[in-house]
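In case you want the letters, here they are:
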Amino acid sequence: MFDFKKYDQQQKNNFVLRVIVAALFALCCFVLLSFRFWVLQVERYEGLSARADSNRLAVVPIAPRRGEIVDRNGEVLARNYLSYTLEVVPAQAGNIDELFDALTPVVFVSASEQRRFRRRLAESGKYASIVLRNNLNETEAAFFSANALRFAGVQLRARWVREYPQGKSAGHVVGYVGRISEADLAMLEERGETGSYRGTDVIGKKGIEKTYETALHGRPGLEELEVTSRGKPVRVLRRVDPTPGSNLVLSLDMGLQRIAEEAFKDLRGALVAIEPATGDVLAFVSQPSFDPNLFIDGIDVESWRLLNESPDHPLINRPVYGTYPIGSTYKPFVALAALELNKRRATDLISDPGYFEFGGQRFRNSGSTAFGTLDMYRALVVSSDTYFYSLGPEIGVNNLHDFMKPFGFGQLTGIDIEGERRGVLPSTEWKRNAYKTREQQRWYAGETISIAVGQGYNAFTLMQLAQATAVLANDGVYMKPHLVRAIKNPRTDEQTLTVASAEHKVPLKKENLQVIKRALAEVTVSGTAAGAFSGASYATAGKTGTAQVYSLRGANYQSSSIDERLRDHSLFMAFAPVSDPKIAIAVIVENAGWGGSVAAPIVRKVFDAWLLRDKKTVPVPVRQTNATVPETSRMAVTPRVTP
Amino acid sequence: MKIILRVVFRCLNSIDWPLMLILFLLTSVGMVVMQSAVGGTDARFADQARNFYVAFFAMWIVAVTPPQLILKFAVPFYVLGVVLLLAVMFVGDTSKGATRWLNLGITRIQPSEMMKIAVPLMLAWYFHRREGTMKFLDLCFASLLLLVPFLLIVKQPDLGTAILVFGAGFFVIYFAGMSFKLLVPVMVIGIIGIGSVYVNQDTLCDDNFDWKVLHDYQKHRICTLLDPSTDPLGKGFHIIQSTIAVGSGGIYGKGYMNGTQTHLDFIPERTTDFIFAVFAEEFGLYGCVTLLVLYLLLLLRGLAIAVRASNHGERLLAGALTMVLFIYVFVNIGMVTGILPVVGVPLPFLSYGGTALLTIGIACGILMSISKYRPPQT
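Within every chain, residues take consecutive numbers counted from 1 along the sequence as written. Whichever chain is written first becomes A and whichever ligand is written first becomes 1, with later ones labelled in order. For this predicted model, a pLDDT threshold of at least 70 governs which residues receive local features, and a threshold of 80 or more governs which side-chain atom pairs are given and counted, while totals over whole chains, interfaces and linings are taken from all residues.

Chemist: If you had to explain the environment of Glu275(A) to someone new, which residues and values would you point to?
Modeler: Residues and elements named next belong to chain A. Structurally, the position occupied by Glu275 is in strand S11 (residues 269-275). With 310 residues separating them in the primary sequence, Glu275 and Ile585 have C-alpha atoms 8.7 Å apart. Excluding anything up to four places from it in sequence, Glu275 contacts Asp280, Leu282, Lys582 and Ile583. Only runs of H or I of at least four residues qualify as helices and only runs of E of at least two qualify as strands under DSSP, and these elements are numbered from the N terminus. Placing C-beta atoms from the backbone, we regard two residues as in contact once those atoms come within 7 Å.

Chemist: Now, about the sheet that holds strand S2 (residues 98-103) of chain B: what can you tell me, with residues and values included?
Modeler: Residues and elements named next belong to chain B. Any two strands are treated as partners once DSSP identifies two or more bridges connecting them. Here we have 3 strands laid out as an open sheet, ordered S1-S2-S3, and antiparallel in their pairing. Two strands close off the open sheet at either side, each with one partner strand: strand S1 (93-95) and strand S3 (108-109). Here 3 bridges tie S1 to S2, and the two strands are oriented antiparallel to one another. Bridging from a neighbouring strand, Ser95 pairs with Ala98 of S2.

Chemist: So what's going on with the interface of chain A and chain B? Which residues, and what values?
Modeler: Opposite the 34 residues of chain A that make contact, chain B presents 38 residues. Mapped by element, the contributors of at least two residues to the side of chain A that touches chain B are helix H1 (2-43), helix H2 (45-56) and strand S8 (221-227) of chain A. It is H1(A) that provides the largest number of residues to the side of chain A that touches chain B, a total of 20 residues. Here the nonpolar group is Ala, Val, Leu, Ile, Met, Phe, Trp, Tyr, Cys and Pro; Asp, Glu, Lys and Arg are the charged ones; every other residue, Gly included, is treated as polar. Taken together, the residues that form the side of chain A that touches chain B break down as 19 nonpolar, 8 polar and 7 charged.

Chemist: Account for helix H20 (residues 445-452) of chain A, with residues named and values stated.
Modeler: Residues three or four positions apart in an α-helix share a direction because the helix packs 3.6 residues into each turn. Residue and element names in this part refer to chain A. With C-beta atoms placed from the backbone, a residue is labelled by how many other C-beta atoms lie within 10 Å of its own: buried for 20 or more, exposed for 12 or fewer, partly exposed between the two. Among all positions of H20, only Thr448, Ile449, Ser450, Ile451 and Ala452 are buried. As for H20, its buried residues are in contact with helix H14 (331-340), strand S15 (355-358), strand S16 (361-364), helix H16 (385-395) and helix H17 (397-404). Once H20 ends, the next one or two residues include Gly454, with phi positive near 80°.

Chemist: So, the nonpolar core: which residues are in play, and what are the values?
Modeler: If you look at the biggest cluster of nonpolar residues, it comprises 126 residues, and the most contacted ones within it are Leu123(B), Val172(B) and Ala320(B). Sort the elements by how many residues they give to this core and helix H15 (residues 312-336) of chain B lands first, with 17 residues. Not counting chain neighbours up to four residues away, the residues in contact with Leu123(B) comprise Ala142(B), Leu145(B), Leu146(B), Gly169(B), Val172(B) and Ile173(B). One nonpolar core equals one set of buried Ala, Val, Leu, Ile, Met, Phe, Trp, Tyr and Cys residues connected by C-beta atoms within 7 Å. Leu252(A), Ile326(A), Ala521(A) and Val589(A) belong to the second largest nonpolar core, which has 118 residues in total.

Chemist: Just give me the short version of helix H3 (residues 43-63) of chain B, but keep the residues and values in it.
Modeler: Residues and elements named next belong to chain B. Each residue after the first adds 1.5 Å to the expected span of a helix. Given a rise of 1.5 Å per residue, 21 residues ought to cover 30 Å, and the 30 Å separating the end C-alpha atoms of H3 matches this to within 8%. For H3, the complete set of buried residues consists of Gln48, Asn51, Ala55, Met59, Val62 and Ala63. Angular distribution of buried residues about the axis of H3 spans 100°; they occupy a single face of the element. Residues of H3 that are exposed and point over 90 degrees away from its buried face: Ala43, Ala46, Arg50 and Tyr53. What the arc measures is the spread of directions leading from the helix axis to the C-beta atoms.

Chemist: Give a description of the sheet that holds strand S9 (residues 233-240) of chain A that names residues and reports values.
Modeler: Residue and element names in this part refer to chain A. The sheet built from 3 strands is open, its strands ordered S1-S8-S9 with antiparallel pairing. Each having just a single partner strand, strand S1 (57-62) and S9 make up the two edges of the open sheet. Averaged over all adjacent pairs, the angle separating strand axes in this sheet is 30°, with direction ignored. As paired strands, S1 and S8 are joined by 6 bridges and run antiparallel to one another. For Val59, the partnering residue across the bridge sits in S8 and is Glu224. The angle between two axes is taken between their N-to-C directions and runs from 0 to 180 degrees, where each axis is a line fitted to C-alpha atoms and a helix contributes only its stretch in contact.

Next comes the structure, spelled out in structure tokens:
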């Protein structure tokens, strides 16, 4: 018993030793753990804390509200409305086919919307939020909300959508927004502006929407959210409100714009009306027009085909993109050049036998009418080609070029709309650069003769003609033409004028201007546009013109026997009232034939609307636009050049 | 009346009050952390409370049972366990690639769980029987008794439980008198082994490299531990996110119920194996060290009971069970803080789970039983 006890004691001591070793081992392990705590919670605290924050925080951009576009009287051309949109994050939504099947009884999604969704899915990947349906109505939105839990990854969102309440009217001016394309993204990247487009999915594509993109867009805000590991927002930690885009006040008057557009009826053409003193563009017509609303969500294939393949080219912005030989509407400027450059006095008499002979060639008057002996005044009133043919060589092409340039002919007017073309203001230097072979580069004296009557190499936009008319009306003061009159701060309503002062002044002698203006005024009284302006209560200065589309060798022009699209363009330039011009205008009606019969009546309507707008209660008797034209002017049709 | 008082006295007297105090503190911490981990209203909180009641009741039942009687259960308990493990191997239920459960019709049981108690009990019983006549052969037989269930569990595979079963058996053998001459070289080899794995991780973790002894998923876990960033969204996610949670707690913690990693779902398994990350994030370094101290007190109390036990078998059993609790704590916290691979070992008193709590309750019950039932002093 004693032995056993002793043994037991020895074994117990042995056990205690082992317990102590085990306890020390455990203690070491705990110290190791404590050391690990210290490493993580003290030494690496900053880094791990930051990672915990980046785990839980998500910054979501808030798109700014795009600025509105209104006309000079506050009539809205572009605005935003709140629309419910169904968006899908494909990565969270699972199988897309199953999703569509499940959604169908809740919210109708058409086949074309499904196709569009798949196309965007292929483009932007499955982690982006892709619009499935736009413009859900209140009922649909409410119905979806009630069933929302069933659809993971599908979100109902309210977002601002662009709308153009004027439809086709002024479509080319306001332009449209569209989804940001790859090309837009590349452009934004180049400008370093991608940041301000986070959360925005549209950008100005055409018209004012494009040229004033920066002002209209505004600056995005942001929302810092706390999110779960699945990205579900829990609460908002911080919010920076977006800065809405600036509102634009156009110089356009929508009332006038509509009258001008209606005056075109079904005809194709362009019209630009400018307030000479300010450069405000009062009306800007390109007919036919298009409805910019079609483009907002991406135009459908059928509509696009119709617009794009139409022989009327409704998408072309005619006033700035179409270049034409402007025909006789060029004559007032050529006459002014002759006076200013002292090449011919207004009283100098020229004999017009119906043609002008130069280097053995005959340049005929239109219809070969002989006007007899003419001074400058008479030549403008009856639109004698021979008078101006003879001026060509006297002035010389380069002198003419230098004189016309400050009026804006063959130059970019700098109007605030994209897609403006320069056209051609011919000179010997221009020809050298424009052609390849020696033979082509040579300037022939005969070419100057066509140029003096607005034909030949001359190729101007209607915008340039309108601007030159405004400069003439404004006695040489060049106000940069503009469609946007002021940019309005959306918060303070403070307006900033886009064009506040004159660009430059063409030095012109008063007496010379007087000669031209008097002659142009007579045109609407007894000249080629007399019919259109008979009975007007204000004095108008104007000049008709006809631009050739199809040249006939010597033969008589018979409009009825020529394909409609090869007929001449009808032109008219004018300003009124003559003594204190409030409006200057240029109009072209494509393939409409003689200027006095089609283009001038359109101008009459516009002038009446603008100049008599305060006297609307007292209707002024106006004769029908297709009134009979006096004998003299009927024959004084613009020239047909025989090279 | 007198009888009732005696019964009450008997009940109270069977409790080891210092151990009970520690258990009470740990349970309180466990319930508080669970409340945060489940995020307010969740059935799991109530479930866990019920689990604690069941565990404490089981503990008390065991505590009032004399240790001699407990040791008598060793052989049948052990044999039953091994038979059930064999049954699992042939007819067990498989889920997530592991065959761990037996379907008894009414409920599913996990026989490996009972081996955490059965193995040390069996070994303690065996050494108690062979007391005084210990030979090298006994050591070999004991090792066999340990290795059979261990390998059966590894085969399932269930590395976490296998480690705990092995640890329990190993500590019995160690306390029984395994020679230090044998132990020290094993430890040295182990340290060198781990060191070489760490140094050669690039080769070892190559996709084409076959580890032979371990499953692919186990290899993956170890490789992920060595460099969690290789698999940030898969296996590495657990380690990365729990490390962030622990670290971002800083010294003072983010405050109770304010852990962002916890409440925004970034901690996977946050009520079970990774609940320590919840605790560490909200209570910081102070909290972590305090919790470790509580576990250390539990450990010391357990070892003290072992030292004062009345006979050899009880000593071994108490010592081994205490060390199992230590392994639980070390492996779990080591895993959550990213110094040990991810193995399924719960944290005693904190992790959600009825079975694990029941096992721990029984282990504590045995400790109390050993603590209170002393033979009359001679």
